[in-house]
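Architecture at a glance
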Amino acid sequence: MIRMLIADDHTIMREGLKQLFMLVADVQVVAEAESGTQLIELLRQVEIDLLLLDMNMPGISGEILIARLHTQYPTLPILVLSMHNEIHIAQRALRAGALGYLTKDRDPETLLVAIRRVVSGQRYLDPALAEQIALQISGLKQQTFVESLSDREFQILRLLAHGMSVNQIAEQLVISNKTVSTHKTRLMDKMGFSSTADIVRFAMTLGIS
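Described in the following lines is the structure provided in the data block. Quick caveat: nothing in here was measured; it's all calculated off a predicted structure.

1. Section: the overall build of the chain
Broken down by element type, the chain carries 10 helices and 6 strands. Over its C-alpha trace the chain gives a radius of gyration of 17 Å, about what one expects of a compact globule, namely 17 Å for 209 residues. When each of the 209 residues of the chain is scored for burial, the buried share is 48%. As displayed, the chain has an accessible area near 10,300 Å², and 54% of this comes from carbon and sulfur atoms. Distance from the positive charge centre (20 side chains) to the negative charge centre (23 side chains) of the chain: 6 Å.

Encoded structure:
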């Protein structure tokens, strides 16, 4: 039996997944979390075989949360189930310690394949993203300066591109306005941006959101 913890801030998503797994003989949802903070607390209380993790949740989330969990629980298989289908996000999640990455537009059968593969210790990458990465490696896609950004800078770039203000990002990530502004300045320097509008245009070009 695969004991699973679902971490996603959308109740409908969690409920839908639980209904799906009720129909599967070898998967049992033993806990659920709606924020990074709640997830960290639950992991101290329950034993699980797999963490099914959304990339965007209130507070600590994304590749920063993955890296923290991977450090504390290095043998815990993490499968990211995300709405984001950008290779930059998937690559960062995998580098941070996730064993698999799948987008939410996949069918239930593909999700179950990913779950069983990750639990067995194998990597799993969404097929569409794997194809994009193969094209990038082969030189058919242009490399960008995005890789020079730190995980936090990239996270803030995504939130800025999504239209959030410095204050909103600070509240979302539970960090100070000053810290957000510092990261924003650094990422703009690295990318050669002169305004937030440049960030939004760049993000649209690469499909980062």
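Let us keep going from here.
2. Structural notes on the pairing of strand β5 (residues 100–103)
Side chains Gly100 and Leu102 project from β5 onto one buried face, and the interleaved Tyr101 and Thr103 project onto a second face that is buried too. Pairing analysis gives 4 bridges linking strand β4 (residues 78–82) to β5, with the strands arranged parallel. Bridge pairing in β5 places valine 80 opposite tyrosine 101. Pairing of β5 with strand β6 (residues 124–125), which is carried by 2 bridges, proceeds in the parallel orientation. Bridging across to β6, glycine 100 finds its partner in tyrosine 124. Following the backbone out of β5, through helix α5 (residues 108–119) and into the adjacent parallel β6, one traces a crossover that is left-handed.

3. Thoughts on the side chain of arginine 158
Position of arginine 158 among the secondary structure elements: in helix α7 (residues 151–161). For arginine 158, a relative accessible area of 2% puts it in the buried group. A polar contact is formed between the side chain of arginine 158 and the side chain of asparagine 56, at a distance of 3.4 Å.

4. Examining the side chain of aspartate 54
Within the secondary structure layout, aspartate 54 lies in the loop between β3 (50–53) and α3 (62–72). In contact with aspartate 54, other than residues within four places in its own chain, are Ala7, Asp8, Asp9, Leu81, Ser82 and Lys104.

5. Regarding helix α9 (residues 177–191)
At 3.6 residues per turn, the α-helix brings residues three or four places apart onto the same side. The end-to-end C-alpha distance of α9 is 21 Å, a good match for the 21 Å that 15 residues give at a rise of 1.5 Å each. Those residues of α9 that sit buried are Val180, His183, Lys184, Leu187, Met188 and Met191. Down the axis of α9, the buried side of the element spans an arc of 135°, and every buried residue falls inside it. For α9, exposure combined with an orientation more than 90 degrees from the buried face picks out Lys178 and Asp189.

6. A short note on the nonpolar core
If you look at the biggest cluster of nonpolar residues, it comprises 47 residues, and the most contacted ones within it are Leu5, Leu39, Leu51, Leu53, Ile66 and Tyr101. The biggest single contributor to this core is helix α4 (residues 87–96), with 6 residues. Setting aside its immediate chain neighbours within four residues, leucine 5 contacts Ala31, Glu32, Ala33, Leu39, Leu42, Leu43, Val46, Ile48, Leu50, Leu51 and Leu52. The next biggest cluster of nonpolar side chains, apart from the first, holds 20 residues, and it includes Ile2, Ile6, Phe21 and Leu112.

7. Comments concerning the sheet that holds strand β1 (residues 2–7)
Across the sheet, which stays open at both edges, the 6 strands sit in the order β2-β1-β3-β4-β5-β6 with parallel pairing between neighbours. Here the strands that pair on one side only, and so sit at the sheet edges, are β2 (27–33) and β6. Strands in contact with α4 are β4, β5 and β6; relative to β5, the strand with the most contacts, it is inclined by about 150°.

8. Re helix α8 (residues 166–173)
Taken together, the buried positions of α8 are occupied by Ile169, Ala170 and Leu173. Relative to the axis of α8, the buried residues are bounded by an arc of 100° and lie together on one face. Considering only its buried residues, α8 is in contact with α7 and α9. Trailing α8 by a residue or two, valine 174 shows a phi angle of about 55°, which is positive.

9. Structural notes on the pattern of salt bridges
Where charged atoms of side chains with opposite charge meet at close range, the side chains can pair. Considering all chains together, one arrives at 14 salt bridges under this definition. With a shortest N-O distance of 3.6 Å, aspartate 54 and lysine 104 are connected by a salt bridge. One end of the pair, aspartate 54, is in the loop between β3 and α3; the other, lysine 104, is in the loop between β5 and α5, and 50 residues separate them in sequence. When its relative accessible area of 27% is taken as the criterion, lysine 104 is described as partly exposed. One salt bridge connects glutamate 153 with lysine 190, and the closest N-O pair in it is separated by 2.9 Å.

Cut-offs and rules
Residues numbered from 1 in each chain as written. Predicted model: local features only at pLDDT ≥ 70, side-chain atom pairs only at ≥ 80, totals over all residues. Heavy atoms only, no water. Helix = DSSP H or I, 4+ residues; strand = E, 2+ residues; numbered from the N terminus. Rg over C-alpha atoms; globule rule 2.2 N^0.38 Å. Buried < 20%, exposed > 50% of the residue type's maximum accessible area, 1.4 Å probe, protein only. Areas by Shrake-Rupley, 256 points an atom, 1.4 Å probe, with all protein chains shown as cover. Lys, Arg positive; Asp, Glu negative; His and termini not counted. Charge placed at Lys NZ, Arg CZ, Asp CG, Glu CD. Pairing = 2+ DSSP bridges. Right-handed = clockwise from strand over helix to strand, strands pointing away. Polar contact = N/O pair within 3.5 Å; in protein donor to acceptor, adjacent residues only side chain to side chain. Contact = heavy atoms within 4.5 Å. Expected span 1.5 Å × (residues − 1). Arc of directions from axis to C-beta. Core = buried A, V, L, I, M, F, W, Y, C linked by side-chain atoms within 4.5 Å. Axes fitted to C-alpha atoms, helices over the stretch in contact; angles between N-to-C directions. Salt bridge = Lys/Arg side-chain N within 4 Å of Asp/Glu carboxyl O.

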